[in-house]
Amino acid sequence: FAKGRQPEGISALADAIKVFPNYFQALYRMGSELFFQKRFKDAIPFLFKASDLNPKSATSFYYLGYSLHSLGKQYNKSALLVLTEAATLAPSSFQVLFTLGKIEREEGKPADAEKHLLQAKKATKTPVPSLHFELAQTFADLKKYKDAADELETFIKVGKLKPEEETKIRTTIATLREKAKAQGT
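Below: a short report on this structure. Being a predicted model, the structure only gives us computed values, none of them experimental. Just so you know, the residues in each chain are numbered from 1, in the order the chain's sequence is written. Confidence filtering applies because this is a predicted model: local features only for residues at pLDDT of at least 70, side-chain atom pairs given and counted only at 80 or more, and all residues used for totals across whole chains, interfaces and linings. In computing side-chain properties, one takes all heavy atoms of the structure into account and sets aside hydrogens as well as water.

1. Let's talk about the overall build of the chain
Then, number 1: Runs of E in the DSSP output that reach at least two residues are strands. Runs of H or I that reach at least four are helices, and both are numbered from the N terminus. When helices and strands are tallied, the chain shows 10 helices and 0 strands.
Then, number 2: Counting helices and strands in the order they occur from the N terminus, the chain gives α-α-α-α-α-α-α-α-α-α.
Then, number 3: For the chain, the spread of C-alpha atoms along the principal axes amounts to about 65 × 30 × 30 Å.
Then, number 4: Expressed as a percentage of the 185 residues in the chain, the buried residues total 41%.
Then, number 5: At a minimum sequence separation of 6, the contacts of the chain that also span at least 24 residues come to 48%.
Then, number 6: Accessible area of the chain: about 10700 Å², with a carbon and sulfur share of 56%.
Then, number 7: Neither His nor the chain ends is counted toward charge; the positive residues are Lys and Arg and the negative residues Asp and Glu. Lysine's charge is taken at NZ, arginine's at CZ, aspartate's at CG and glutamate's at CD. The chain carries 29 positive and 21 negative side-chain charges, and their two centres are separated by 2 Å. Burial classes: relative accessible area under 20% of the type maximum marks a residue as buried, over 50% as exposed, and values in between as partly exposed (1.4 Å probe, protein chains only). What makes two residues a contact is simply this: any of their non-hydrogen atoms within 4.5 Å. Surface exposure here means Shrake-Rupley accessible area, sampled with a 1.4 Å probe, where a residue is shielded only by the protein chains that are shown.

Structural data, given as structure tokens:
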């Protein structure tokens, strides 16, 4: 892998796993290599076994949860279980908290999503545009329109938007601010 020869590396890992089917490092490396190649379906069995062999590996759980989520909405419940375990093991991991919050929002659990997304926001030192956008959507779902508008303002500041995208978002911000006024907030 260090020499950029991924196919040979994958083949060598497959051979090692055949000889030592419970070799955590080989399973983890195979799963993570497939994960970074965006071959999520292929990565799942390796990451599942690696997580089973080493239940203290937060990264194995994160890659597994993200991979499950990447297969489609029908796998979100499984992804949430796995990512919850990853969050227990790595409670200040931005990636884990962000992915957990994103899936919770998709699953119609905005209060849970808010909690994890705000924790993700605390866990990062630099603004992440996708986090601010996700928080805006979550706040809108919770009818916290002022907070949603504020997050979209930050999204505009830190994101690299085309002028037409920015115009569209500014219109949304204005609508959210009007809703916030109507609420008296």
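2. Quick look at the packing of aromatic side chains
Then, number 1: Stacked, tilted and edge-to-face pairs are distinguished by plane angle, under 30 degrees for stacked and over 60 for edge-to-face with tilted covering the rest, among Phe, Tyr and Trp rings (Trp via its six-membered ring) whose centres lie within 6.5 Å. All chains considered together, the criterion is met by 14 aromatic pairs.
Then, number 2: Summarising the aromatic geometry, the rings of Tyr 28 and Tyr 63 are spaced 6.2 Å apart at their centres and angled 20° between planes, so their arrangement reads as stacked. A residue pair is termed long-range when its members are at least 10 positions apart, and Tyr 28 in helix H2 (residues 24–36) and Tyr 63 in helix H4 (residues 58–70) qualify at 35 residues.
Then, number 3: The exposure class of Tyr 63 is buried, given its relative accessible area of 11%.
Then, number 4: Centre to centre, the rings of Phe 35 and Phe 36 are 5.2 Å apart; their planes meet at 85°, and the pair counts as edge-to-face.
Then, number 5: Note on Phe 36: relative accessible area 56%, which makes it exposed.
Then, number 6: Of the aromatic side chains, those joined through ring pairs into one cluster are Phe 24, Tyr 28, Phe 35, Phe 36, Phe 40, Tyr 62, Tyr 63 and Tyr 66.

3. Some thoughts on the environment of Asp 147
Then, number 1: You can see Asp 147 is positioned in helix H9 (residues 145–158).
Then, number 2: Taking the C-alpha atoms as reference, Asp 147 lies 9.3 Å from Arg 177; in sequence the two are 30 residues apart.

4. Digging into H2
Then, number 1: Expected span of a helix, by definition, is 1.5 Å for each gap between consecutive residues, and there is one gap fewer than residues. With 13 residues, H2 ought to run about 18 Å at 1.5 Å a step, and its terminal C-alpha atoms sit 18 Å apart, in line with that.
Then, number 2: Here H2 lies mainly inside the structure; 10 of its 13 residues are buried.
Then, number 3: Along H2, the residues that are buried comprise Phe 24, Ala 26, Leu 27, Tyr 28, Met 30, Gly 31, Ser 32, Glu 33, Leu 34 and Phe 35.
Then, number 4: For H2, the secondary structure elements touched by its buried residues are helix H1 (6–19), helix H3 (40–53) and H4.
Then, number 5: Where H2 ends, the next residue or the one after it, Lys 38, has phi of about 65°, a positive value.

5. Quick look at the pattern of salt bridges
Then, number 1: Any Lys or Arg side-chain nitrogen located within 4 Å of an Asp or Glu carboxyl oxygen qualifies as a salt bridge. For the structure on display, the rule yields 13 salt bridges.
Then, number 2: Of the charged contacts, one joins Arg 177 and Asp 150 as a salt bridge, the two residues approaching to 3.0 Å between their closest N and O atoms. Of the two residues, Arg 177 is situated in helix H10 (residues 163–183) and Asp 150 in helix H9; the sequence distance between them amounts to 27 residues.
Then, number 3: Note on Arg 177: relative accessible area 29%, which makes it partly exposed.
Then, number 4: On the basis of relative accessible area, Asp 150 is assigned to the partly exposed category, the value being 27%.
Then, number 5: Between Arg 170 and Glu 153 there is a salt bridge; the shortest N-O distance is 3.5 Å. Within this pair, whereas Arg 170 is found in helix H10, its partner Glu 153 is found in helix H9, the two being separated by 17 residues in sequence.
Then, number 6: For Arg 170, a relative accessible area of 38% translates into the label partly exposed.
Then, number 7: Classification of Glu 153 as partly exposed rests on a relative accessible area of 23%.
Then, number 8: Salt bridges sharing partners connect three or more residues here, namely Lys 146, Asp 150, Glu 153, Glu 166, Arg 170 and Arg 177.

6. Considerations on the nonpolar core
Then, number 1: Ranked by internal contacts, the top residues of the largest apolar core, which has 29 residues, are Met 30, Tyr 62, Tyr 63, Leu 64 and Leu 68.
Then, number 2: Among the secondary structure elements, those contributing two or more residues to this core are H1, H2, H3, H4, helix H5 (76–89) and helix H6 (94–106).
Then, number 3: Here this core gets 7 residues from one element, more than from any other, and that element is H2.
Then, number 4: Apart from residues no more than four positions distant in its own chain, Tyr 63 is found in contact with Tyr 28, Ser 32, Phe 35, Phe 36 and Leu 47. In these notes, a set of buried Ala, Val, Leu, Ile, Met, Phe, Trp, Tyr and Cys residues joined through side-chain atoms within 4.5 Å is what counts as a nonpolar core.

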